[in-house]
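Structural features, examined
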Amino acid sequence: MRAEHKAEMKARKRNIALLVAYDGTNYNGFQRQRPPIQAIQNILEERLEKIFGDSIELSASGRTDAGVHALGQVVNFFTNGRIETKKIPRAAAGYLPSDIIVRDAWEEDKNFSALHSAKSKIYIYRIQTGATVNPFAARFAWHIPYPLDVQKMSDALKILVGTHDFSAFKAAGGAPMNPVRTIYSAEIFPVREFDADILQIKIHSTGFLYHMARNIVSAVVAVGRERMTLPEFQKIFKDRDRSPIPATAPAHGLCLYKVFYS
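So, here's what we can say about the structure. (Residues numbered from 1 in each chain as written. Predicted model: local features only at pLDDT ≥ 70, side-chain atom pairs only at ≥ 80, totals over all residues. Heavy atoms only, no water.)

This next bit is on the packing of helix α4 (residues 150-159) against helix α6 (residues 230-239). Contact pair α4 / α6: the axes reach a minimum separation of 10 Å and the direction vectors enclose 25 degrees. When the axis of α4 is compared with that of α6, the two are roughly parallel. Crossing of α4 over α6 shows right-handed handedness. Contacts between α4 and α6 involve Lys152, Asp155, Ala156 and Ile159 from the first element and Leu230, Phe233, Gln234 and Phe237 from the second. Of the residues in the contact of α4 with α6, the class split is five nonpolar, one polar and two charged. (Axes fitted to C-alpha atoms, helices over the stretch in contact; angles between N-to-C directions. Helix = DSSP H or I, 4+ residues; strand = E, 2+ residues; numbered from the N terminus. Parallel < 35°, antiparallel > 145°, perpendicular 65-115°, else oblique. Left-handed = near helix turned anticlockwise from the far one by under 90°. Contact = heavy atoms within 4.5 Å. Nonpolar A, V, L, I, M, F, W, Y, C, P; charged D, E, K, R; others polar.)

What follows covers the packing of α4 against helix α5 (residues 212-224). Viewed as axis vectors pointing N to C, α4 and α5 meet at an angle of 140 degrees, and their least axial separation amounts to 8 Å. When the axis of α4 is compared with that of α5, the two are oblique. Judged by the twist between their axes, the crossing of α4 over α5 is right-handed. On the side of α4, the interface is formed by Lys152, Met153, Ala156 and Leu157, while α5 contributes Ile216, Val220, Val221, Val223 and Gly224.

Of all hydrophobic cores here, the largest spans 71 residues; its most connected members are Leu18, Ile127, Phe169 and Ile201. The leading source of residues in this core is α5, at nine residues. The residues touching Leu18, leaving out its near neighbours within four places in the chain, are Leu48, Gln73, Val74, Val75, Phe77, Ile88, Val102, Asp104, Ala105 and Trp106. (Core = buried A, V, L, I, M, F, W, Y, C linked by side-chain atoms within 4.5 Å. Buried < 20%, exposed > 50% of the residue type's maximum accessible area, 1.4 Å probe, protein only.)

Turning our attention to the packing of aromatic side chains. To describe a pair of aromatic rings, one takes the distance between the centres and the angle between the planes. Under the defined criterion, the tally for this structure stands at nine aromatic pairs. Centroid distance Phe52 to Phe77: 5.0 Å. Interplanar angle 80 degrees. Geometry classified as edge-to-face. In this pair, Phe52 sits in helix α2 (residues 40-52) while Phe77 sits in strand β3 (residues 69-79), placing the two residues 25 residues apart along the sequence. For Phe52, a relative accessible area of 6% puts it in the buried group. The class of Phe77 is buried, set by a relative accessible area of 0%. Here Phe112 and Tyr261 contribute two aromatic rings whose centre-to-centre distance is 5.1 Å and whose plane-to-plane angle is 55 degrees, an arrangement assigned as tilted. Taken together, the residues Phe112 in the loop between β4 (100-108) and β5 (120-129) and Tyr261 in the segment after β10 (254-260) connect sequence positions 149 residues apart. Judged by relative accessible area, Tyr261 falls into the partly exposed class, the value being 23%. (Phe/Tyr/Trp six-rings, centres within 6.5 Å; stacked < 30°, edge-to-face > 60°.)

A word on the pattern of salt bridges. If you walk through the whole model with that rule in mind, you get 14 salt bridges. Across the pair Arg214 and Asp65 runs a salt bridge, and its minimum N-O distance is 3.7 Å. One end of the pair, Arg214, is in helix α5; the other, Asp65, is in the loop between β2 (59-60) and β3, with 149 residues separating them in the sequence. Judged by its relative accessible area of 24%, Asp65 falls in the partly exposed class. Residue Arg126 is joined to Glu193 by a salt bridge in which the shortest nitrogen-to-oxygen separation is 2.1 Å. Of this pair, Arg126 sits in strand β5 while Glu193 sits in strand β8 (residues 180-193); the two residues are 67 residues apart in sequence, bridging distant segments of the chain. Assessed through its relative accessible area of 14%, Arg126 is described here as buried. (Salt bridge = Lys/Arg side-chain N within 4 Å of Asp/Glu carboxyl O.)

The following block contains the structure:
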């Protein structure tokens, strides 16, 4: 929501929240961009205006980067539109492209903000293992054809659990913010999907710094490939030193899985 329009928007009768899923492959992230650049927010606002009959300005739980996906993105907006919430997902399906879906809709009180009311989030990062790329996983998983020591990766993730300064995993260029976050859980587990072997890294945290999840994955993969020892990983974390960490993991493996509001 644009700051200069906040009072005008909050004067409207309804505060609608949506649970949104999207394949981020073809978009330059979630945050609104100037045309001709396409972002998820641009598409949602433009198409929702047709359903509600007034201008739409979204607030979102997080601004996913270009190429990042979401299963559990939450947005809210103020409107005078009268459509019943139970009818919104089907109505939205008639206007939105096939790679953006409204999964659910409900009405909130005037003080609810998808961004500011969020208590914690789960991101999942998917890694496809094996010698060749499986085309059914390629859009949603980072293919790593080399052997990975999953136990060592799990041990590295356990080091991150708790309340810490995560400056070591913050990329340059993000907005200034407190680097202290609480990670409730960080785990890795194998799954089998469409005849592909997938490793899922699941991180539940109070919040994420700029590229934090993808930089954690990059460092954990380095441990799994035995290019970094667990003591080295721990030292990087303790010293808050980004420089030894390999390049940020690709965006297309990351998915905003769930946002918690209590």
